[in-house]
Amino acid sequence: MTETLGFWVAAVVLVAASLAVVLTPNLFHAVLWLAAALVATGGVFLLLDSPFLFGVQLLLYAGGVVTIVVFAIMLTERLVGESIRQTSRFVFNGAVLAAAVFVGILGFLLQAGAVTRPAAVGDQLGDLGRALVGPFAAPLQLLGVLLVIALLGALYFARAED
Amino acid sequence: MPLHAYLVLAALVFVIGLFGVLTRRNAVGILLGIELMLNAVNINLVAFSRFRADLAGLIFTLFTIAITVAEVAVGLAIVIVIFRVRRTIEADHLDLLRG
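The rules we used
Going along each chain's sequence as written, the residues are numbered from 1 onward. Chains and ligands are labelled sequentially in the order written, the chains with letters from A and the ligands with numbers from 1. Per-residue local features of the predicted model are confined to residues with pLDDT of at least 70, and side-chain atom pairs are confined, for both listing and counting, to 80 or more; whole-chain, interface and lining totals are unaffected and use all residues. Runs of E in the DSSP output that reach at least two residues are strands. Runs of H or I that reach at least four are helices, and both are numbered from the N terminus. Remark: C-beta atoms are placed from the backbone, and a residue is labelled buried if 20 or more other C-beta atoms sit within 10 Å of its own, exposed if 12 or fewer do, or partly exposed between those counts. We call two residues in contact if the C-beta atoms placed from their backbones are at most 7 Å apart. Amino acids are sorted into nonpolar (Ala, Val, Leu, Ile, Met, Phe, Trp, Tyr, Cys and Pro), charged (Asp, Glu, Lys and Arg) and polar (every other residue, Gly among them). Helix axes are fitted to C-alpha atoms over the stretch in contact, other axes to C-alpha atoms as well, and angles between N-to-C directions run from 0 to 180 degrees. Angles are sorted into four bins: roughly parallel if under 35 degrees, roughly antiparallel if over 145, roughly perpendicular if 65 to 115, and oblique for all others. Given the number of residues in a helix, its expected span is that number minus one, multiplied by 1.5 Å. Here, a nonpolar core denotes buried Ala, Val, Leu, Ile, Met, Phe, Trp, Tyr and Cys residues that are linked to one another through C-beta atoms within 7 Å. Should the near helix be turned counterclockwise from the far one by less than a right angle, the crossing is left-handed, whereas a clockwise turn marks it as right-handed. pLDDT runs from 0 to 100 and stands for how confident the predictor is about each residue.

**With respect to the overall build of chain A**
And step 1. Looking only at helices and strands, chain A has six helices and zero strands in total.
And step 2. When the helices and strands of chain A are listed from N to C terminus, the series reads α-α-α-α-α-α.
And step 3. Classification of the 162 residues of chain A by burial places 23% in the buried group.
And step 4. Look at the contacts in chain A between residues 6 or more apart in sequence, and 50% of them connect residues 24 or more apart.

Here it is in structure tokens:
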């Protein structure tokens, strides 16, 4: 029952880290908790037999996104010259609304029937690669164009003023 | 674990992110909440892909991960520009477009 144990470990780490992200007053700590949550999500991907997505998650999310956010915080903190405290407002209303959405989703889940897990497929990574250059080739190219546009736009926004 | 366990976990992470987006005052904090919500969607996609033995879910997840990285880069660039102009990243203070 390694899958059950792994699931509970990943689930507890993921939920605890997510709560820390939205509750800790220190913005820098929130980003570090986000990194923990993203790694735990990678663990969930591993449990779902997707080691490739686990690698992508670590490289792009836990590596890339967290680094960018840390840089942004350090830049703004240095400009303002003090540590940024972050506070929350409407905590009660937010909690009520989030709980309502959760109950709504649970309502849908409870109506759905159980699905049995099919046996693991052999060469998932090969199929993924063939799909990316086969039926999904055009979206993949569009994704590349989107990335270039987004990064050029970010560069344009954040350029040094002259 | 059954599919429902993964879906409930994803729903839990999603509403925690929603709570963060609703309650954070800081623009970077709001972006972190959005990250959590997108992450929950990825868990759902991978879980459905695994349990239905359909590769499309994995490819969708790859795409959402890449798009999220682009979104974070642009979002943080906007935050830095707003900070330069207004000297604040408190979302409540950014009411220039309020009628």
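**Focus: the environment of B:Ile16**
And step 1. Topologically, B:Ile16 is positioned in helix 1 (residues 3-23).
And step 2. According to the C-beta neighbour criterion, B:Ile16 is buried, with 25 such atoms within 10 Å.
And step 3. The spacing of B:Ile16 and B:Met37 is 21 residues in sequence and 7.9 Å in space, taken between C-alpha atoms.
And step 4. If sequence neighbours within four positions are ignored, B:Ile16 has contacts with A:Ser18, A:Leu19, A:Val22 and B:Leu36.

**Some remarks on the interface of chain B and chain A**
And step 1. Opposite the 58 residues of chain B that make contact, chain A presents 72 residues.
And step 2. Secondary structure elements with two or more residues in the side of chain B that touches chain A: helix 1, helix 2 (27-51) and helix 3 (56-86) of chain B.
And step 3. The dominant element in the side of chain B that touches chain A, judged by the number of residues it contributes, is helix 3 of chain B, at 20 residues.
And step 4. Of the residues assigned to the side of chain B that touches chain A, the class counts are 44 nonpolar, 10 polar and four charged.

**Some details on unusual backbone geometry**
And step 1. With phi around 60 degrees, A:Asp49 is a residue other than glycine that occupies positive phi space.
And step 2. Looking at the element boundaries, A:Asp49 is found in the loop between helix 2 (27-47) and helix 3 (51-80).
And step 3. Unusually for a residue other than glycine, B:Ala53 sits at a positive phi of about 55 degrees.
And step 4. Assignment of secondary structure puts B:Ala53 in the loop between helix 2 and helix 3.
And step 5. Accessibility expressed as a C-beta count within 10 Å gives 13 for B:Ala53, which makes it partly exposed.

**Details of the packing of helix 2 of chain A against helix 2 of chain B**
And step 1. One way to put it is that helix 2 of chain A packs onto helix 2 of chain B with a least axis distance of 11 Å and a crossing angle of 5 degrees. Considered as vectors, helix 2 of chain A and helix 2 of chain B are oriented roughly parallel to each other. The residues of helix 2 of chain B that touch helix 2 of chain A, namely those facing A:Leu27, A:Ala30, A:Val31, A:Leu34, A:Ala37, A:Leu38, A:Thr41, A:Val44 and A:Phe45, are B:Val28, B:Gly29, B:Leu32, B:Glu35, B:Leu36, B:Asn39, B:Asn42, B:Ile43 and B:Val46.
And step 2. Looking at side-chain class alone, the contact of helix 2 of chain A with helix 2 of chain B contains 13 nonpolar, four polar and one charged residues.

**Re helix 2 of chain A**
And step 1. Taking 1.5 Å of rise per residue, 21 residues should cover 30 Å, and helix 2 of chain A covers 30 Å from first to last C-alpha, within 8% of that figure.
And step 2. Where helix 2 of chain A terminates, the next one or two residues include A:Asp49, which has phi positive at roughly 60 degrees.

**With respect to the nonpolar core**
And step 1. A:Leu34, B:Val13 and B:Val28 are the most contacted members of the largest nonpolar core, which totals 63 residues.
And step 2. Of all the secondary-structure elements, those providing two or more residues to this core are helix 1 (2-23), helix 2, helix 3 and helix 6 (137-157) of chain A together with helix 1, helix 2 and helix 3 of chain B.
And step 3. No other element matches the 14 residues that helix 1 of chain B contributes to this core.
And step 4. B:Val28 has contacts with A:Leu27, A:Val69, A:Ala72, A:Ile73, B:Val79 and B:Ile89, leaving out every residue within four places of it along the chain.

**Overview of the packing of helix 4 (residues 91-111) of chain A against helix 1 of chain B**
Helices that pack against each other are described as a pair by the angle of their axes relative to one another and the distance between those axes.
And step 1. Contact pair helix 4 of chain A / helix 1 of chain B: the axes reach a minimum separation of 9 Å and the direction vectors enclose 155 degrees. Comparing their axes, helix 1 of chain B and helix 4 of chain A come out roughly antiparallel. As helix 4 of chain A runs across helix 1 of chain B, the sense of the crossing is right-handed. Facing helix 4 of chain A, whose interface residues are A:Val91, A:Gly94, A:Ala95, A:Leu97, A:Ala98, A:Val101, A:Phe102, A:Ile105, A:Leu106 and A:Leu109, helix 1 of chain B presents B:His4, B:Leu7, B:Val8, B:Ala11, B:Leu12, B:Val15, B:Leu18, B:Phe19, B:Leu22 and B:Thr23.
And step 2. Within the contact of helix 4 of chain A with helix 1 of chain B, the residues separate by chemical class into 17 nonpolar, three polar and no charged.

**Focus: the confidence of the model for chain B**
Residues and elements named next belong to chain B.
And step 1. Averaged over every residue, the pLDDT of chain B is 86; residues scoring 70 or more account for 99%.
And step 2. Mean pLDDT per element in chain B: helix 3 is the minimum at 86, and helix 1 is the maximum at 91.
And step 3. Taken over the whole predicted complex, pTM reads 0.87, whereas the ipTM for its chain interfaces reads 0.88.

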